[in-house]
Amino acid sequence: MRSYGIYKVKEMYQPFVIGRERLLYDLLKEDGQQHDCMREVDYLCDRLEEELINEAIVTNLGKGFTSIECRDGEYKLTHPVKGSILISRSSYSLNVFCDGSRMLDLDLFVALSGSGDRFFAVMDGQGEWGWLKPVKYADLRMREENVFL
């Protein structure tokens, strides 16, 4: 079973985080489930909007699954071949547990990245982290230059 913490980095801090992903990983892996209490996470990450997450999970991700259960902000999606995904939402993060094929992870990442380009995932216990959608550095530089004009 693989577990992830998925966060949405604030747009204004994304250019700062680019190239410093290891530091963000170290910050987010520190206290496990206690990220909502950390001032740094509040500073760097957006609160997750319930409607955005519902749409990404139920509408985008749910298309390919045979069973979707939703209860009290938790989702369980099951596929007969790939396996199952259990997702719980807190203020700043999605806590995800994938049991089965790595295709589950990919399906989830594609669904979330379709609703935003600033999602950052930390894989617990594996030392893996990264953006769910590749970042276009040239686009970030253009935004920075427009701000200073």
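Above: the structure in question.
Residues numbered from 1 in each chain as written. Predicted model: local features only at pLDDT ≥ 70, side-chain atom pairs only at ≥ 80, totals over all residues. Heavy atoms only, no water.

Trainee: Run through the environment of Cys70, naming residues and quoting values.
Mentor: Along the chain, the position of Cys70 falls in strand 2 (residues 67-71). Judged by its relative accessible area of 51%, Cys70 is exposed. (Helix = DSSP H or I, 4+ residues; strand = E, 2+ residues; numbered from the N terminus. Buried < 20%, exposed > 50% of the residue type's maximum accessible area, 1.4 Å probe, protein only.)

Trainee: Now, about helix 4 (residues 50-61): what can you tell me, with residues and values included?
Mentor: Helical geometry: 3.6 residues make up each α-helical turn, so side chains three or four residues apart lie on a common side. With twelve residues, helix 4 ought to run about 16 Å at 1.5 Å a step, and its terminal C-alpha atoms sit 15 Å apart, in line with that. Among the residues making up helix 4, those that are buried are Leu52, Ile53, Ala56, Ile57 and Leu61. Down the axis of helix 4, the sector holding all buried residues measures 120°, keeping them to one side. Contact partners of the buried residues in helix 4: strand 1 (2-8), strand 3 (74-79), strand 4 (83-89), strand 5 (93-100), helix 5 (103-113) and strand 6 (119-123). (Expected span 1.5 Å × (residues − 1). Arc of directions from axis to C-beta. Contact = heavy atoms within 4.5 Å.)

Trainee: So what's going on with the nonpolar core? Which residues, and what values?
Mentor: Grouped together as the largest cluster of nonpolar side chains are 25 residues, with contacts concentrated most on Ile6, Leu61, Ile85, Ile87, Val96, Leu108 and Leu112. Every element with two or more residues in this core is listed here: strand 1, helix 4, strand 3, strand 4, strand 5, helix 5 and strand 6. Setting aside chain neighbours within four positions, we find Ile85 in contact with Leu61, Phe65, Tyr75, Lys76, Leu77, Val96, Phe97, Cys98, Leu104 and Leu108. One finds Tyr7, Ile18, Tyr25 and Leu44 within the second-largest nonpolar core, a separate group that totals 17 residues. (Core = buried A, V, L, I, M, F, W, Y, C linked by side-chain atoms within 4.5 Å.)

Trainee: Lay out the pairing of strand 2 in plain terms, naming residues and giving numbers.
Mentor: Sheet topology note: the strand 2/strand 3 ladder contains five bridges and is antiparallel. Residue pairing across strands places Glu69 opposite Lys76, the latter belonging to strand 3. Connecting strand 2 to the antiparallel partner strand 3 that follows it, the hairpin turn spans two residues, and Asp72 within it adopts a positive phi of roughly 50°. (Pairing = 2+ DSSP bridges.)

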